[in-house]
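# Architecture and fold: a report
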Amino acid sequence: MEEQQSVLEELLEPVQAEMEAFRKEVITVRLELSALRSEQEKITGGVLSAGHAVEEVRQTVDTTHETLTDFVERYGRHQVVANAQAELTQLIVMWKADFAGRRRVRALARGLTNTLTNQAVTKGLVDRETVHACVREQFLTEPTYWLAPAVAALAARHLCEQATVSRATAHAMYLDSDKSKLFLALTCSRLGLLSEAAGWMDRYLNSLDRDDLGPEFAVLLEAIANSELGYDAYTYAREAVTRWFREDRAAFRGPGTASAGRHAALWSSRLMKFGGDPSGERFAVLRELAAAQWPTLARGWVTATALEGALEYLRSLPTAEEGPSGRDFTHTALDHLIDQEEPDEEDVRLRMARLRALIKCEGDEEAAAAAVAESARGGERLDFVTLLERAVFQPDELGMGASARRLALECVWESVRLSALSMAQSSGSSLPPTVTLSVEDWSCDFPTDPVRVFDVGRAAESLVNHVELRTHEAIDSIVPTWWLIGAAGCLAILDGLVLIPRASGPTLLTLSTVMVLLVLVAVVGVAHAPFRRRIRREAGERQRTQAGWLLVKAVRELEVMLAEWRSGIRSSAALEGRAPGPEKETA
């Protein structure tokens, strides 16, 4: 035995030596791994420190870039402002140098167009030589400016020099025919020469481009409408503007023709803005119960109410007899005309306005352009139809008074009337003979003919009976699930009589729990049906009450809608027979 043990020890000695050597190698490897981990941690720390440093450098670079970009932008704006200031200075110098003569001519024109000047010349308070000297000096200063010979013609008229009047008038007409005609018409009106003023006004209106009217035309229309240029000028102007409107895209074609032109669409869109809003709570129940026909009903009702609203608006328009405006529109029109700049002046003024806006906005070109566009809105040029449209429906944008609005309405009245008749026909044709009111699967037809009577009580009773019948059918359909109850009962009996007596321990507890659950299923299956019947009965009672209320409310809303609809259609007849107003004549 001892020999075997010694032999075994001898055999194990090499193994133990190898194991000891292996253990030492493992310890060495562990030490090396620890050293590597320490080195790795040092490297990781260095990398993190480098990452933080890089992030700080990146933030510094971004901040520097933003600062540099802001500096470059501000520098660029400062340069833009500096260049704008330099250019504006040059333009101001050029404006004063090149257009000073025109400003003096305009000042002289304002003085000569004043009625007191004519009286002063007639009474000898101002001698002829002074007038001749002033006129000749300005004429020689601005020989190509139409207002200079026009002023010379006016001065010659004050001095009763007819030959000079004719020659100066011809020269002014040669330089700018349209402005000269208007100037002569307005000055003749100021001097009380109404027949001559009417003649010049007729020639001026016939030479105008009706698609390019400036803001001064609204003032001129106001002066004409207030008979400041005499009844003849008023008549000529009314005939001219009526002719313009007739000639513009067949404005007076009736609704039965191939096209009512863009004016029919224009007036329809304007008139439709007077219509009511069907999307609110006013017709909420009707919108729900007549969902299939609601788009047609809403469109026709809006059109009809628009006609009534348009009639009320036109009735609210002030008449010329409501009192004088207290303004001298001829004088205002003359000021507009005298102050009107020539193309080269307007170009320089617009350039100066852009430069001033650019300086004010500190070099921001977009903001400067928006500011210039906003300031230029007052000088908007319009076509004649747009001007009439705004005069009738947006008078505040043009600052028109009662007389000018009345004249504008006279021009467009026939077109507006035809458009209103077309809208009335469209609204009347969209009115269905009956409106179907539906509550779930029940429906009734409400006649739109006022002669036919709708018995809302009978309809509500029919709906209540229908809901009650549906409720009874739903209640009768609720029965216990007998197959489930029977299956649960059978399984519970089988479990209690067969399986539980033979079980023990955990199995007994499980089988007992299953039996209790099966019994509960059977009991709930029997008791559930009466509970569901009660709930369904209560819901049916609420539904019956609500259904009757909804039907009555929908009928009331429909009656209101139809009454307003018919009233709006009747308004078209009042519009058809309504005239803008009688003519007025002044001595």
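Residues numbered from 1 in each chain as written. Predicted model: local features only at pLDDT ≥ 70, side-chain atom pairs only at ≥ 80, totals over all residues. Heavy atoms only, no water.

Per the secondary structure count, the chain includes 21 helices and two strands. Of the contacts made within the chain by residues no fewer than 6 positions apart, 76% connect residues no fewer than 24 positions apart. Accessible area for the chain stands at about 33400 Å²; split by element, carbon and sulfur atoms hold 57% of it. (Helix = DSSP H or I, 4+ residues; strand = E, 2+ residues; numbered from the N terminus. Contact = heavy atoms within 4.5 Å. Areas by Shrake-Rupley, 256 points an atom, 1.4 Å probe, with all protein chains shown as cover.)

One can describe the packing of helix H5 (residues 162–175) onto helix H6 (residues 177–190) by two numbers: an axis separation of 6 Å at closest approach and a directional angle of 135 degrees. With respect to their mutual orientation, H5 and H6 come out oblique. For the pair H5 and H6, the contacting residues are Thr-169, Ala-172, Met-173 and Leu-175 in the first and Ser-177, Ser-180, Lys-181 and Leu-184 in the second. (Axes fitted to C-alpha atoms, helices over the stretch in contact; angles between N-to-C directions. Parallel < 35°, antiparallel > 145°, perpendicular 65-115°, else oblique.)

With that out of the way, let us pick up helix H7 (residues 194–207). In this model, H7 (14 residues) spans 20 Å end to end at C-alpha, consistent with the 20 Å of a helix rising 1.5 Å per residue. Buried within H7 we find Ala-197, Ala-198, Trp-200, Met-201, Tyr-204 and Leu-205. (Expected span 1.5 Å × (residues − 1). Buried < 20%, exposed > 50% of the residue type's maximum accessible area, 1.4 Å probe, protein only.)

The subject of this paragraph is the pattern of salt bridges. Scanning all chains against the criterion turns up 13 salt bridges. Put simply, Glu-142 and Arg-102 hold a salt bridge, and the shortest N to O gap is 3.7 Å. Placement of the pair is Glu-142 in the loop between helix H3 (128–141) and helix H4 (147–158) and Arg-102 in helix H1 (residues 2–113), with a sequence separation of 40 residues. In terms of burial, Glu-142 and Arg-102 fall into one category: buried. When the shortest N-O distance is used, the salt bridge between Lys-553 and Glu-557 registers 3.8 Å. (Salt bridge = Lys/Arg side-chain N within 4 Å of Asp/Glu carboxyl O.)

Mean pLDDT over the chain stands at 75; residues scoring 70 or higher make up 75%. The weakest mean pLDDT in the chain belongs to helix H2 (residues 115–122) at 62; the strongest belongs to H5 at 86. Throughout residues 321–326 the model reports pLDDT below 50, and contacts reaching past four residues in sequence, or to other chains, amount to one contact. (pLDDT = per-residue confidence, 0-100.)

Inspection of the entire model under this criterion finds seven aromatic pairs. Here the aromatic rings of Phe-283 and Trp-294 are separated by 6.4 Å at their centres, their planes lie at 50 degrees, and the arrangement is tilted. With Phe-283 in the loop between helix H10 (261–272) and helix H11 (284–289) and Trp-294 in helix H12 (residues 294–316), the pair connects residues that are 11 residues apart, well separated along the chain. For the pair Phe-283 and Trp-294, a shared accessibility class is recorded, and that class is buried. Between Phe-446 and Phe-454, the aromatic rings sit 4.8 Å apart at their centres with planes inclined by 50 degrees, giving tilted as the arrangement. Comparing Phe-446 with Phe-454 shows no difference in burial state: the two are buried. Aromatic rings pair up to connect Tyr-145, Trp-146 and Phe-183 into one cluster. Positioned above the aromatic ring of Tyr-145 is the side chain of Arg-102, whose terminal nitrogen or guanidinium carbon lies 5.5 Å from the ring centre. A cation over a ring is seen here: Arg-203 above Trp-200, with NZ or CZ 4.0 Å from the ring centre. (Phe/Tyr/Trp six-rings, centres within 6.5 Å; stacked < 30°, edge-to-face > 60°. Lys NZ or Arg CZ within 6 Å of the ring centre and 35° of its normal.)

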